[in-house]
Amino acid sequence: MCFIVNQLLFNIEVFVPAFAPWVCGCCGALRPRYKRLVDNIFPEDPEDGLVKANMEKLTFYALSAPEKLDRIGAYLSERLSRDVARHRYGYVCIAMEALDQLLMACHCQSINLFVESFLKMVRKLLESDKPSLQILGTNSFVKFANIEEDTPSYHRSYDFFVSRFSEMCHSSYEDPDIRTKIRMAGIKGLQGVVRKTVNDELQANIWDPQHMDKIVPSLLFNLQSGERTESRSPSPLQATEKEKESPVELTERCFRELLGRAAYGNIKNAVTPVLMHLDNHSLWEGKTFAVRCFKIIMYSIQSQHSHLVIQQLLGHLDANSKNSATVRAGIVEVLLEAAAIAASGSVGPTVLEVFNTLLRQLRLSVDYELTGCYDGSTNIGTKIIKAHEERQLQEAVIRTIGSFANTLPTYQRSEVMLFIMGKIPVPGVHPALSSKDSGPEGTRMIQVMLLKSLVQVTAGFDTTNMLTALPTSFLEPLLSFSLTEDPEIRLLVLQILLSLIDRHDNAPKFLNVSIISDISVLKLKVDKCSRQDNLFMKKHGQQLYRHIYLGCKEESSGQQHYEALFALLGLLSMELANEEVVVDLIRLALALQDLALSTDEALPVFNRCAIHAVAAAYLNLICQLTTVPAFCQHIHEVIELRQKETPYLLPEDVFIENPKLPSSLEKVEGEVLFLQSKITEVLGGSGYNTDRLATPYVPQYTDEDRLSKRKSIGETISLQGEVESRNTEEITFETLKNAIVDSVGMEEQERERRRQVVEKFQKAPFEEIAAHCGARATLLQSKLNQIFEITIRPPPSPSGTISSGYGQTQSRSVPIYEMKFPDLCVY
C-alpha cells in the first residue's frame, strides 16, 4: 500500500510541482528521508535536549550516503535560521550540537559543502547580539578548527571570523562576568582560525598584515588587561583551574601558539603589530609590559629566528631616534632582555650592524644631552630634553652592548672590540662618532661611553691566546688613551686591560692593595706561561711597562687608579710572566720607587705615598712568587721597618678613607727603601740576569705618548700642530686665513696645469708629442749620467792615473770587485 502511495506522490511531484510543498507539508512520512531524520533529532520540548537515538540514525545515514551530507547541512541551517529569528534558542543549541557531531563523524570528500552550511550557521550566531549565541557559535567553530580535513578547500574564507573574533576580544559588555566570557570566546576563536589556516596552503595567508593587524593587537589588549606576574618560562607551567579561566592566561597560550607556528618569512608580520601596539598605547615608557611581551616572543619563536626579532627592534629604535629618552630607553631595555634570552650567536649575520646601531644611539643621546634639542635648533616647538633621562638611556645602551657581546663566540667578540675601538674619536686624528654640535665635551663623553661599552664587552672574555685577544690594532690605541689627563678615561682603560689579561679570575684578589705575609691565602691560580704568551710579552711588554709607569706619575690619579695599576702588575706576574718578565717587573717596581723620590716630578704627597705603597705591595707579592729566601728577607725587613717608622709608605695607611700623610717626603731615605743593588745581588745568586737587574728601568717616550698627552681631551691639536707650535711665529687669524687662501690658489694652479697637459695630448700633432717626449727622455738620460759620475768616482789608492795622448792625466774608474782592499777591511 505504501509503495502505491509513494508512486502516486512521485507522479504528483513530477507533473504537478506546484502542489509538492503542500503535499509534503500534509504528510510528513512522505518527505525525503534526510529531512525526516533531521526532524526526528529535535524533541517536542527543547529542554530535553538532543534525541540521541535519532542522532545516531542521522549520523549512520550521513556516513552511508555521503552525497546527502550537503543537503543535511543546508536543511539544518534553514531550521537554525528560522529558530534564531523566532528566538527559539533551545532548538538552536540542539541544531549546533547536531552539526558538531556530524562534523566530528564525517570526513568524506563531500564535507566541503557541508562545512559551508556549518560556517554559515556559525556566522549567523556570531552576528547575533546575544552573548550566549556568540559563545555557542565560537565553541562550535573551535571544535571545527580542531578537525583535520581530508581534502583542502579552494574557496573558503575566514576574513569575517578574524574580524568578528577580534571584535569580541575588545568586548565592553556591562556585566563583567559576561564580558570576560565574550573576550575569552573571541580569544578561542582567533586561536581556532590560526589552527585552521596556518598549515593550509590553499587558504588566504593568515600571516598577511591585514589579518595580523587585527589578531595581535586583540591578544595584546587582553594580555595587558589583567594583572599578573612576569612571564616565567618558555611555556607556561601547570595552572590552576581558576587561572585557566583567566583571559590573560588564555591569551598568553594563544599568543605563544601563534608565534610558535611562525615560519622564517612570517616573523616580521607577527612582530610589527606588537611594535605598533606598544607605540600607540605609550607602553614603552613603563617597560614592564613591553619586556613581558618580548619575553613571550623570544621564548615562543624558533631559536634560529631570534635574530629577526632583534633586527626589528633595532630598526624600531632607529625609527624612534627623535622620540623621548624614556621611549628609546624602553626599546633598549627590551633589546637587553631579548639578547639575554637569545641563544648564542643568534644575533645573526649582521653582528656589527647591531653594534653600529647601538653606538649611533649613544652618539645621538650625547648630542641631545649637550645641545638640549633633537634637531640642533632652538625652536619654541622643540621638545624639552631631560639630561638625567638621556644618561639613563646611555647606561641602558651600554648594558645592552654588553648583553649582546655575551651571546657571541670569542672570535666575534674580538671583532666587536676592534669595531668599537675604531669608533672612539681621537681628537685631531680620528674624529669618528664625534659631533660638531656637541663640541669638545661631546667628544669626551662619547669616548667615555664607548670605553664603558668596551668594559662591558670584555667582561668575562676568555681566551688562551693573548696575541688574538689583544692584537696590535686594538692594544696600541687603547694604551694611547691610558695617557690622557682625564682620570675617568684612564681608569676605564685599566679596567679593560684587567678583563682581557685575567684568564683565571685572579683580578678580584688584587683589587685591594695590601701587604700579605702569606699569599697562599689568596688561592691564586697559576698556569705555565705558554709560547704565545711569551711572544706577546716580547712584542708588547715594554709598552705595558711604560704605560704603567706613566700612569703612576699622573697627578690626577686617585686611589682607584693605583689599585687598578697594582692589579695589572699582579696579573702580569700571574698570567704572562717568565723569568725575563719577572726581572722587568722588579725593575719597574724599583723605577716607581725612584719616581716617588724624584724631586723633578711635581707630584702631590698622596701620589708619592701611593706609588711607594704600590711598589712595596708588589715587591712583597713578587718575592713570594719567586721563592728566593734572601729576596723575601730583604723585602720583609724593609716593610717591617716602614711599619715602625714610615707607615705612610705602606698601602694600609695610604689607601684608606682619611690617610694620615706627612707634609713632605724629603726624609725618605736609607733602610726604608728597597735597594736595587741588594735585590740584584740576591737574585743574581739564584740564576737571574744580574746585568739586566742592575740596569735601572727608563721608559721610552714615543710620538704616541706626545699625541695622547693633552691638557684637555677635547683639544684637536694634531702632532703636526705640536711641532709647528715650537716656532716663535705667532699664529693669528690672518695667518690661518692666508694659509687657507694660498692652499686654495695652489690647488687651482695645479688643476689648470693638469687641464693644459690633457688638452695638449688630445689636440697636438703626433710629431710635436714625440719631440716633447724625446726631449724629456734626453733630459732624463743626462741627469742619470751626472748621477753616475758623482757616485762612481776613482778610488784614491788602487786605481791610480793614466796619461792621455795629449799629456793630460785621466782618472781610471776601477770596479769594486777589482779593487784591492787591506786585510782589516775584509771579513
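Bear in mind that the values here come from a model prediction, so they are computed numbers and not experimental data.

Chemist: What am I meant to see in the overall build of the protein here?
Modeler: On a plain count of helices and strands, the protein comes out with 36 helices and two strands. Sorting the 827 residues of the protein into buried and exposed places 47% on the buried side. In the structure as shown, the protein presents an accessible area of about 42,900 Å², 53% of it carried by carbon and sulfur atoms.

Chemist: What exactly am I supposed to notice about the nonpolar core here?
Modeler: Nonpolar side chains in soluble globular proteins tend to end up buried together. F255, W284, F294, F355, I586 and F631 are the most contacted members of the largest nonpolar core, which totals 226 residues. Setting aside chain neighbours within four positions, we find F355 in contact with I401, F404, A405, L408, V416 and F419.

Chemist: Teacher, can you tell me more about the packing of helix α14 (residues 267-280) against helix α16 (residues 306-319) here?
Modeler: The packing of two helices is summarised by the inter-axis angle and the distance between the axes. Contact geometry of α14 with α16 gives a least axis separation of 10 Å together with a crossing angle of 40 degrees. The angle between α14 and α16 places the two elements in the oblique class. Between α14 and α16 the crossing geometry is right-handed. Residues I267, K268, V271, T272, L275, M276 and D279 of α14 pack against L308, V309, Q312, L313 and H316 of α16. Residue composition of the contact of α14 with α16, by class: seven nonpolar, three polar and two charged.

Chemist: Please clarify how the side chain of N607 should be interpreted in this entry.
Modeler: Tracing the chain through its elements places N607 in helix α28 (residues 605-626). Under the relative-accessibility criterion, N607 is labelled buried at 3%. Dropping the residues within four chain positions of it, N607 is found in contact with E554, E555, S557 and Y562.

Chemist: I keep staring at the pattern of salt bridges and nothing clicks. Help me out?
Modeler: Pairing between side chains of opposite charge can happen when their charged atoms approach one another. Tallying each qualifying case throughout the model produces 23 salt bridges. Notably, a salt bridge pairs R328 with E390, separated by 2.7 Å at the nearest N-O pair. Of the two residues, R328 sits in helix α17 (residues 325-341) while E390 sits in helix α19 (residues 387-406), which places them 62 residues apart along the sequence. Across this residue pair, the class does not change: R328 and E390 are buried. The shortest N-O distance in the salt bridge between R444 and E441 comes to 4.0 Å. On the criterion of helical spacing, the pair formed by R444 and E441 is a turn pair, its members being three residues apart in helix α21 (residues 439-458). Overall, R444 belongs to the buried group, its relative accessible area being 18%. According to the relative accessible area criterion, E441 is partly exposed, its value standing at 41%.

Chemist: Would you take a moment to explain the packing of helix α11 (residues 209-225) against α14 for this structure?
Modeler: For the pair α11 and α14, interaxial distance at closest approach is 9 Å and the crossing angle is 50 degrees. Taken together, α11 and α14 sit at an angle that is classed as oblique. In terms of crossing hand, the pair formed by α11 and α14 is right-handed. Each of P209, M212, D213, V216, P217, L220, F221 and Q224 in α11 lies in contact with α14, whose residues at this interface are N269, A270, P273, V274 and H277. Partitioned by chemical class, the residues of the contact of α11 with α14 number nine nonpolar, three polar and one charged.

Chemist: Any chance you could explain unusual backbone geometry here in plain terms?
Modeler: Note on backbone geometry: most residues besides glycine have negative phi, and most peptide bonds are trans. In this structure, H87 is a non-glycine residue whose phi angle is positive, near 60 degrees. Counting through the fold element by element, H87 comes out in the loop between α5 (69-85) and α6 (89-105). Notably, K523 is not glycine yet its phi reads approximately 55 degrees, a positive angle. Within the fold, K523 resides in the loop between α24 (487-501) and α25 (531-552). With a relative accessible area of 65%, K523 lands in the exposed category.

Chemist: How should a nonpolar patch on the surface be read in this particular structure?
Modeler: A cluster of nonpolar side chains, contributed by L780, L784, I787 and F788, occupies part of the molecular surface with about 370 Å² of accessible area. With respect to the secondary-structure elements, L780 resides in helix α36 (residues 766-791).

Chemist: What's the story with the packing of aromatic side chains in this structure? I'm lost.
Modeler: What characterises a pair of aromatic rings is the spacing of the ring centres plus the angle enclosed by the ring planes. This structure, assessed with the given rule, holds 12 aromatic pairs. Ring plane angle 25 degrees and centroid distance 6.3 Å describe the contact between W284 and F294, whose orientation is recorded as stacked. In this pair, W284 is assigned in the loop between α14 and α15 (288-300) and F294 in helix α15, connecting sequence segments 10 residues apart. By relative accessible area, F294 is classed as buried at 2%. With centroids separated by 6.1 Å and ring planes inclined at 65 degrees, the aromatic side chains of Y549 and Y697 adopt a geometry described as edge-to-face. On the criterion of sequence distance, the pair formed by Y549 in helix α25 and Y697 in the loop between α32 (690-694) and α33 (703-708) is long-range, its members being 148 residues apart. Taken together, the ring pairs connect F141, F144, Y158, F160, F161 and F165 into an aromatic cluster. Sitting over the ring of F144, K196 keeps its end group 4.4 Å from the ring centre.

Chemist: Explain the side chain of T626 to me, please; I cannot follow it from the model alone.
Modeler: As for its position among the elements, T626 is in helix α28. Its relative accessible area of 13% is what places T626 among the buried residues. Once residues within four sequence positions are removed from consideration, T626 is found in contact with V582, F631 and Y688.

Chemist: I keep staring at helix α10 (residues 176-197) and nothing clicks. Help me out?
Modeler: Note that an α-helix has 3.6 residues per turn; residues three or four places apart therefore point the same way. In this model α10 runs 32 Å from its N-terminal to its C-terminal C-alpha over 22 residues, within 8% of the 32 Å that 1.5 Å per residue would give. The N-capping residue of α10, defined by a side-chain oxygen 3.0 Å from the backbone nitrogen of D177, is D175.

Chemist: Which parts of the structure should I look at to understand the environment of Q593?
Modeler: Mapped onto the elements, Q593 comes out in helix α27 (residues 579-597). When the C-alpha atoms of Q593 and C609 are compared, they prove to be 9.7 Å apart, with 16 residues separating the residues in sequence. Excluding residues within four positions of it along the chain, Q593 makes contact with H612, R642, L673 and F674. A polar side-chain atom of Q593 sits 3.4 Å from a polar atom in the side chain of R642.

Chemist: How should helix α29 (residues 629-645) be read in this particular structure?
Modeler: For α29, spanning 17 residues, the distance from its first C-alpha to its last is 24 Å, which sits close to the expected 24 Å at 1.5 Å a residue. The inward-facing, buried residues of α29 abut α27, α28 and α31 (676-684).

Chemist: Teacher, can you tell me more about the state of the cysteines here?
Modeler: Disulfide: a covalent bond formed between the sulfur atoms of two cysteine residues. According to the stated counting rule, one finds zero disulfides in the structure shown. Of all cysteine sulfurs in the structure, the one in C169 sits closest to C254, which takes part in no disulfide; the separation is 7.9 Å.

What counts, and where the lines are drawn
- Residues numbered from 1 in each chain as written.
- Predicted model: local features only at pLDDT ≥ 70, side-chain atom pairs only at ≥ 80, totals over all residues.
- Heavy atoms only, no water.
- Helix = DSSP H or I, 4+ residues; strand = E, 2+ residues; numbered from the N terminus.
- Buried < 20%, exposed > 50% of the residue type's maximum accessible area, 1.4 Å probe, protein only.
- Areas by Shrake-Rupley, 256 points an atom, 1.4 Å probe, with all protein chains shown as cover.
- Core = buried A, V, L, I, M, F, W, Y, C linked by side-chain atoms within 4.5 Å.
- Contact = heavy atoms within 4.5 Å.
- Axes fitted to C-alpha atoms, helices over the stretch in contact; angles between N-to-C directions.
- Parallel < 35°, antiparallel > 145°, perpendicular 65-115°, else oblique.
- Left-handed = near helix turned anticlockwise from the far one by under 90°.
- Nonpolar A, V, L, I, M, F, W, Y, C, P; charged D, E, K, R; others polar.
- Salt bridge = Lys/Arg side-chain N within 4 Å of Asp/Glu carboxyl O.
- Patch = residues over 30% accessible without salt bridge, like charges linked within 9 Å, V, L, I, M, F, W, Y side chains within 5 Å.
- Phe/Tyr/Trp six-rings, centres within 6.5 Å; stacked < 30°, edge-to-face > 60°.
- Lys NZ or Arg CZ within 6 Å of the ring centre and 35° of its normal.
- Expected span 1.5 Å × (residues − 1).
- Polar contact = N/O pair within 3.5 Å; in protein donor to acceptor, adjacent residues only side chain to side chain.
- Disulfide = S-S within 2.5 Å.

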